[in-house]
Amino acid sequence: NAGVTQTPKFQVLKTGQSMTLQCAQDMNHNSMYWYRQDPGMGLRLIYYSASEGTTDKGEVPNGYNVSRLNKREFSLRLESAAPSQTSVYFCASWGQGRRTEAFFGQGTRLTVV
Amino acid sequence: QQQVKQSPQSLIVQKGGISIINCAYENTAFDYFPWYQQFPGKGPALLIAIRPDVSEKKEGRFTISFNKSAKQFSLHIMDSQPGDSATYFCAASRRGSQGNLIFGKGTKLSVKP
């Protein structure tokens, strides 16, 4: 049981380039989330999807788009990367495991130069 | 406005000692208060969580104390071990959107042997 899988693990982009961060969960959870983690800032919610076919903005959505491709997959797209988007990105799903909780992926470390 | 304030930023404890991390929140609509543990290079993982209908919850060496009137909650780690060295995040979320977590900024705990 893989849980939440993110790809890639590391990425370096030049300013203005675009890329898509991929996330997949195999726990049959309805809700999925994208967070970013910056030093000394904790994790901040970018976008979320409460169920397949729906997406909503979180606290810091500017510069990002998302797609809930199906129940398993939730992708995050940077259309024109900026240095301020240098961060570690975490995907999560919410649902029942041993407890009802948020399950996080291993993260994608993105550097924009 | 920071909705969840966490202190201290860093903490050094001797092996066998008690580690205490505190959080305060603003929004009285919050009704789910988890603590996450994060090791370097990994995603956060749920440690323990509490809802406001109880004042304390204990799981092994980890205890959450909750003070609804003061809008504060804390994590106590008894008999701290070097393996507990990690970054700890408190978080909060509202009823009906409990996966939309608002995180504190984190506490880096070092347990010295």
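Residues numbered from 1 in each chain as written. Chains lettered and ligands numbered in written order. Predicted model: local features only at pLDDT ≥ 70, side-chain atom pairs only at ≥ 80, totals over all residues. Heavy atoms only, no water.

**Student:** Sorry, what's going on with the overall build of chain A here?
**Tutor:** In terms of helices and strands, chain A carries zero helices and eleven strands. Scaling as 2.2 N^0.38, a compact globule of 113 residues should have a C-alpha radius of gyration of about 13 Å, and chain A matches this with 13 Å. Each of the three principal axes of chain A carries a C-alpha extent, and together these read 40 × 30 × 25 Å. Out of the 113 residues in chain A, the part that is buried amounts to 49%. Across chain A, the fraction of contacts at a sequence separation of at least 24, relative to all contacts at a separation of at least 6, is 53%. Taken together, the 12 basic and 8 acidic charged side chains of chain A have centroids lying 5 Å from each other. (Helix = DSSP H or I, 4+ residues; strand = E, 2+ residues; numbered from the N terminus. Rg over C-alpha atoms; globule rule 2.2 N^0.38 Å. Buried < 20%, exposed > 50% of the residue type's maximum accessible area, 1.4 Å probe, protein only. Contact = heavy atoms within 4.5 Å. Lys, Arg positive; Asp, Glu negative; His and termini not counted. Charge placed at Lys NZ, Arg CZ, Asp CG, Glu CD.)

**Student:** Help me understand the interface of chain A and chain B in this model?
**Tutor:** It is common to report an interface's size as the accessible area lost on association of the parts. If you look at the interface, chain A gives 18 residues, while chain B gives 19 residues. When chain A packs against chain B, the two sides together hide about 1600 Å² of surface, and 53% of this comes from carbon and sulfur. Counting across the chain A and chain B interface gives zero salt bridges. Inspection of the chain A/chain B interface yields three residue pairs in polar contact (both at pLDDT 80 or more). Mapped onto the side of chain A that touches chain B, the elements with two or more residues apiece are strand S4 (31–38), strand S5 (42–49), strand S9 (87–96) and strand S10 (100–104) of chain A. Classifying every residue of the side of chain A that touches chain B by side-chain character gives ten nonpolar, six polar and two charged. (Buried area = accessible area lost by both parts, 1.4 Å probe. Salt bridge = Lys/Arg side-chain N within 4 Å of Asp/Glu carboxyl O. Polar contact = N/O pair within 3.5 Å; in protein donor to acceptor, adjacent residues only side chain to side chain. Nonpolar A, V, L, I, M, F, W, Y, C, P; charged D, E, K, R; others polar.)

**Student:** What exactly am I supposed to notice about the nonpolar core here?
**Tutor:** Generally speaking, soluble globular proteins have nonpolar side chains that are buried together. Counting residues in hydrophobic clusters, the biggest one holds 24 residues, and the most contacted among them are Phe33, Trp35, Phe73, Leu75, Tyr88 and Leu109 of chain B. For this core, the secondary-structure elements that each account for two or more residues are strand S2 (10–14), strand S3 (19–25), strand S4 (30–38), strand S5 (45–50), strand S7 (62–67), strand S8 (72–77), strand S9 (86–94) and strand S11 (107–112) of chain B. Beyond its immediate sequence surroundings of up to four residues, Leu75 of chain B is in contact with Ser19, Ile20, Ile21, Trp35, Leu47, Ile48, Phe62, Thr63 and Tyr88 of chain B. Residues Leu13, Tyr47, Leu76 and Tyr89 of chain A belong to the second largest nonpolar core, which totals 20 residues. (Core = buried A, V, L, I, M, F, W, Y, C linked by side-chain atoms within 4.5 Å.)

**Student:** Please clarify how the packing of aromatic side chains should be interpreted in this entry.
**Tutor:** Enumeration over the complete set of coordinates arrives at 19 aromatic pairs over all chains. Here Phe90 of chain A and Phe104 of chain A contribute two aromatic rings whose centre-to-centre distance is 6.5 Å and whose plane-to-plane angle is 80°, an arrangement assigned as edge-to-face. Placement of the pair is Phe90 of chain A in strand S9 and Phe104 of chain A in strand S10, with a sequence separation of 14 residues. By relative accessible area, which is 2% here, Phe90 of chain A ends up buried. When the centroid spacing of 6.2 Å and the interplanar angle of 90° are considered together, the rings of Phe89 of chain B and Phe103 of chain B count as edge-to-face. With Phe89 of chain B in strand S9 and Phe103 of chain B in strand S10 (residues 97–103), this pair connects stretches of sequence that are 14 residues apart. (Phe/Tyr/Trp six-rings, centres within 6.5 Å; stacked < 30°, edge-to-face > 60°.)

**Student:** In this structure, what is going on with the state of the cysteines? I would like to understand it.
**Tutor:** What is meant by a disulfide is a covalent connection between two cysteines, made through their sulfur atoms. Taken as a whole, this structure holds two disulfides over all chains when the rule is applied. Linked covalently through their sulfurs, Cys23 of chain A and Cys91 of chain A form a disulfide whose S-S length is 1.9 Å. Across the S-S bond linking Cys23 of chain A and Cys91 of chain A, the dihedral sits near -75°, which makes this disulfide left-handed. With Cys23 of chain A in strand S3 (residues 19–25) and Cys91 of chain A in strand S9, this pair connects stretches of sequence that are 68 residues apart. Here Cys23 of chain B pairs with Cys90 of chain B through a disulfide, and the sulfurs are 1.8 Å apart. An S-S torsion of about -90° defines the bridge between Cys23 of chain B and Cys90 of chain B as left-handed. Residue Cys23 of chain B is located in strand S3, and its partner Cys90 of chain B is located in strand S9; the two are separated by 67 residues in the primary sequence. A relative accessible area of 0% places Cys90 of chain B in the buried class. (Disulfide = S-S within 2.5 Å.)

**Student:** I tried to follow the sheet that holds strand S7 (residues 64–68) of chain A on my own but got confused; where do I start?
**Tutor:** Backbone-to-backbone hydrogen bonds join strands into a sheet, with any given pair of strands oriented parallel or antiparallel. Residues and elements named next belong to chain A. Reading across from one edge, S1-S3-S8-S7 is the order of the four strands in this open sheet, with antiparallel pairing throughout. The open sheet has two edge strands with one neighbour each: strand S1 (4–7) and S7. Between one strand axis and the next, the sheet turns through 20° on average, direction left out of account. (Pairing = 2+ DSSP bridges. Axes fitted to C-alpha atoms, helices over the stretch in contact; angles between N-to-C directions.)

**Student:** Would you explain the sheet that holds S3 of chain B in this entry?
**Tutor:** All names here are of chain B. The strand order S1-S3-S8-S7-S6 describes an open sheet built from five strands, whose pairing is antiparallel. Two strands close off the open sheet at either side, each with one partner strand: strand S1 (4–7) and strand S6 (56–59). Ignoring which end each strand starts from, the neighbouring axes of this sheet average 15° apart. Looking at chain direction, S7 and S8 are connected through six bridges and run antiparallel.

**Student:** It is not clear to me how the pairing of S5 of chain B should be interpreted in this structure. Could you clarify?
**Tutor:** Regular strands show a simple pattern: their side chains alternate between the two faces of the sheet. Residues and elements named next belong to chain B. Counting buried positions along S5 yields five of six residues, so the element is predominantly enclosed. Bridge count for S4 against S5 is five bridges, and the pairing is antiparallel. Along S5, the bridge assignment pairs Gln37 with Ala45. Here S4 folds back onto S5, and the loop between the two strands holds six residues, one of which, Gly41, carries a positive phi near 80°.

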